[in-house]
Amino acid sequence: MIAQPQPTRLLTTLTDLVAIPSENPPGGEKAVAEYIRDWLAPLGFQVRLEEYAPGRFNAEAVLANGPGPVFAFNTHMDTVPAGDGWQSDPFTLTERAGNLYGRGSCDCKGPLAAMLEALRLMAEDRGNWSGTLMGVFTGDEEVASEGAKYYCARKQDIDMVVVGEPTGNTVFSAHKGSFRPRVRVLGRAAHSGSPHLGENAIFAAGLLMPRIAAYHDDVLSQRSHPLVGNPSLTVTRISGGHADNVIPDACELLLDRRLIPGETDDTAMAEIEALLDSARKDLNLRCEITGKNATTGGATETAEEAEIVQISLAACRASGLSDAGPFGFQGACDLVHFIDAGATGTVIGAGDIRVAHKPDEYVPRDEFIVSAQIYGDIAQQVLGN
C-alpha cells in the first residue's frame, strides 16, 4: 500500500496550478506544462514537453520501472475563460465552507493536482510495483482536443488510462461524442422594399428547423445507451443576411449532434444528409452541408468487465462510495482518443461537472484529497507486483 496523500502538499499544488492562467482560447498551456516538468523530473520521471501547434503544448512524464503494463493518468491543462461574476479572484484558490474556489479547481486542475500527488507517491514506492507509469497532460480539451488527438495518433502502447474529469469520484466508463456540421440554406437576394422579388433564406431556414426538431423527438430520442442515454440533435447558432435593406440570400445553421457509443461522425452525417434531402424534395429548399466545426471528439465506452473498470470501481468503493458506478459522461472528453489508440480506460475525478465553466467553480476540499488516494490505489493495483 502506497503512502497516504499529503493534504498540505495537495492544496499547495492546486493553488499553484489555479494561479497559472491557461484559458482556452487562447490556450497558454506551456506554463502549466513547465510546472509539471519541474514537479515530476526530480522524482525520476522522464518529462517531455511537446509543442503540437505553435504555442500549444502537451506534457508527457514517464517512469519505467521494469516489465509490466503501461498505465497512464491523463487530464487537460487548459480551462475555459474565467469570465465575470466571481465572488473571489478566479486565479487565487479560495476556501469557503469546505469548498475550494478557482478557475479549473474541478475542471481540470483539481484532477491534475491529485494525479501529480499520486505519481509522486508511486515514484516513492517503486520497489512495490513493476511496469511503466505515465502522466499525459494535454492541451485544448476545452475546444477541440487537438493536444490529445495529436498525442494519441503517435502513441500506441498505453494499456490502461484514467482520465481526470469531475465525476464526484465515481467511475465513468462511457461518454458521449459531439459532431457539429454547418448547414447553409440558400435564397435569392432582392431589395427589402420588394421582398417578393427575392427568396428569403432566413424564412427558408425557418422551414427546416421544425424538421430538425422532429428528427430529434421522433428518431433520436427513441435510441438509448444504458450509460449515457439518448443521442440528440439541435441548432445552436444561426446566421443570415448581410445588410439591413437586402433580402438575405443565405442563412447558416450550426447543428449540434451528440453521439452515443456505436455512432460515428460518418453515420451522423449520413442521417443529416438524408434529413436535408427530404427537405429538398418536400419543401423545395436549397440546402447543403458546407463543413463542420471542430469538437472534442466522438463517443466511446470501456466494457464493464474490463480490468481497468473493475480496478477503478474497487478503488472508488474503498474510498467510501456506496454507488461507484459505472456511469456515463453526458459530455465528451479525451478518453475516446486513448481508446482509439488501443487503451482501455475510465474517467474519474473530484467535483461536479455542473459547476464547471461557471463563475465560482469549486471542488469540495475533502473530495479532492480523496481523489488523490483513489488515483494512487488504481495505479498500485494496475502495476503492483
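Everything below is about the structure printed above this text.
Keep in mind the model is a prediction, meaning the values are calculated, not measured.

Some remarks on the overall build of the protein
Move 1: If you tally the helices and strands in the protein, you get 9 helices and 18 strands.
Move 2: What you see for the protein is a C-alpha radius of gyration of 23 Å, in line with the 21 Å of a compact globule of 385 residues.
Move 3: On the principal axes, the C-alpha backbone points of the protein span a range of 80 × 45 × 40 Å.
Move 4: Looking at the protein residue by residue over its 385 residues, the buried ones come to 55%.
Move 5: Accessible surface, the protein: about 15,500 Å² in total, of which carbon and sulfur atoms supply 50%.

Structural notes on the environment of Glu361
Move 1: Tracing the sequence through the fold places Glu361 in the loop between strand E17 (344–347) and strand E18 (362–364).
Move 2: Taking the relative accessible area as the measure of exposure, Glu361 reaches 0% and is therefore buried.
Move 3: Residues Glu361 and Thr302, spaced 59 residues apart in sequence, show a C-alpha to C-alpha distance of 29 Å.
Move 4: Excluding anything up to four places from it in sequence, Glu361 contacts Trp86, Leu100, Tyr101, Gly102, Arg103, Gly104, Ser105, Cys106, Asp107, Val355 and Ala356.

Notes on the side chain of Ser178
Move 1: By the element assignment, Ser178 lies in strand E9 (residues 177–186).
Move 2: When near neighbours in sequence (up to four residues on either side) are disregarded, Ser178 contacts Arg257, Arg258, Leu259, Asp265, Thr295, Thr296, Gly297 and Ala332.

Description of the environment of Cys287
Move 1: Tracing the backbone through its elements, the reader meets Cys287 in strand E14 (residues 286–293).
Move 2: With 103 residues separating them in the primary sequence, Cys287 and Arg184 have C-alpha atoms 5.5 Å apart.
Move 3: Ignoring anything within four residues of it in the chain, the contact list for Cys287 reads Val183, Arg184, Val185, Leu276 and Arg280.

Describing helix H7 (residues 307–318)
Move 1: Compared with the 16 Å implied by 1.5 Å per residue over 12 residues, the 16 Å span of H7 between its first and last C-alpha is a close match.
Move 2: Taken together, the buried positions of H7 are Ile308, Val309, Ile311, Ser312, Leu313, Ala315 and Cys316.
Move 3: The inward-facing, buried residues of H7 contact strand E3 (70–76), strand E7 (160–163), strand E8 (172–175), E17 and helix H9 (365–383).
Move 4: Remark: Gly320 follows H7 within two positions and exhibits a positive phi of approximately 115°.

Here's the deal with the nonpolar core
Move 1: The biggest cluster of nonpolar side chains holds 63 residues, and the ones touching the most others in it are Phe71, Phe73, Leu116, Leu133, Phe368 and Ile378.
Move 2: With 10 residues, helix H3 (residues 109–123) is the largest single contributor of residues to this core.
Move 3: When near neighbours in sequence (up to four residues on either side) are disregarded, Ile378 contacts Phe71, Val162, Ile308, Ile311, Ser312, Ala315 and Ile348.
Move 4: If you look at the next biggest cluster of nonpolar residues, it comprises 24 residues, including Leu253, Leu259, Leu275 and Leu285.

Quick look at the packing of helix H1 (residues 7–18) against helix H2 (residues 30–40)
Each pair of packed helices can be described by the angle between their axes along with the distance between the axes.
Move 1: For the pair H1 and H2, the least separation of the axes is 11 Å and the interaxial angle reads 150°. Considering the angle they form, H1 stands roughly antiparallel to H2. Every residue of H2 that contacts H1 at Arg9, Thr13, Asp16 and Leu17 is listed here: Val32, Tyr35 and Trp39.
Move 2: Across the contact of H1 with H2, the residue classes break down as 4 nonpolar, 1 polar and 2 charged.

Observations concerning the sheet that holds E18
For sheets, the rule is that strands pair by backbone hydrogen bonds, running either parallel or antiparallel.
Move 1: Pairing within the open sheet is antiparallel, and its 3 strands lie in the order E4-E5-E18. Strands at the two margins of the open sheet, each flanked by one partner only, are strand E4 (94–96) and E18. Across the sheet, the mean angle from the axis of one strand to that of its neighbour is 30°, orientation sign disregarded.
Move 2: Bridge count between E4 and strand E5 (residues 99–101): 3 bridges; the pairing is antiparallel. Bridged to Glu95 within E5 is Leu100.
Move 3: Sheet strands in contact with H9 are E4, E5 and E18, and its direction is about 75° off that of E18.

Some points on the pattern of salt bridges
Move 1: By the definition in use, this model includes 28 salt bridges.
Move 2: Residue Arg37 pairs with Asp38 through a salt bridge whose shortest N-O separation is 3.1 Å.
Move 3: By relative accessible area, which is 32% here, Arg37 ends up partly exposed.
Move 4: Here Asp38 falls in the exposed class, since its relative accessible area comes to 51%.
Move 5: For Arg365, the salt bridge is made with Glu95, and the minimal N-O distance between the two is 3.8 Å. In this pair, Arg365 is assigned in helix H9 and Glu95 in strand E4, connecting sequence segments 270 residues apart.
Move 6: Residue Arg365 is classed as partly exposed on the basis of its relative accessible area of 24%.
Move 7: Taken together, the shared-partner salt bridges connect Arg48, Glu50, Glu60, Lys155 and Asp157 into one network.

About the thresholds
Residues numbered from 1 in each chain as written. Predicted model: local features only at pLDDT ≥ 70, side-chain atom pairs only at ≥ 80, totals over all residues. Heavy atoms only, no water. Helix = DSSP H or I, 4+ residues; strand = E, 2+ residues; numbered from the N terminus. Rg over C-alpha atoms; globule rule 2.2 N^0.38 Å. Buried < 20%, exposed > 50% of the residue type's maximum accessible area, 1.4 Å probe, protein only. Areas by Shrake-Rupley, 256 points an atom, 1.4 Å probe, with all protein chains shown as cover. Contact = heavy atoms within 4.5 Å. Expected span 1.5 Å × (residues − 1). Core = buried A, V, L, I, M, F, W, Y, C linked by side-chain atoms within 4.5 Å. Axes fitted to C-alpha atoms, helices over the stretch in contact; angles between N-to-C directions. Parallel < 35°, antiparallel > 145°, perpendicular 65-115°, else oblique. Nonpolar A, V, L, I, M, F, W, Y, C, P; charged D, E, K, R; others polar. Pairing = 2+ DSSP bridges. Salt bridge = Lys/Arg side-chain N within 4 Å of Asp/Glu carboxyl O.

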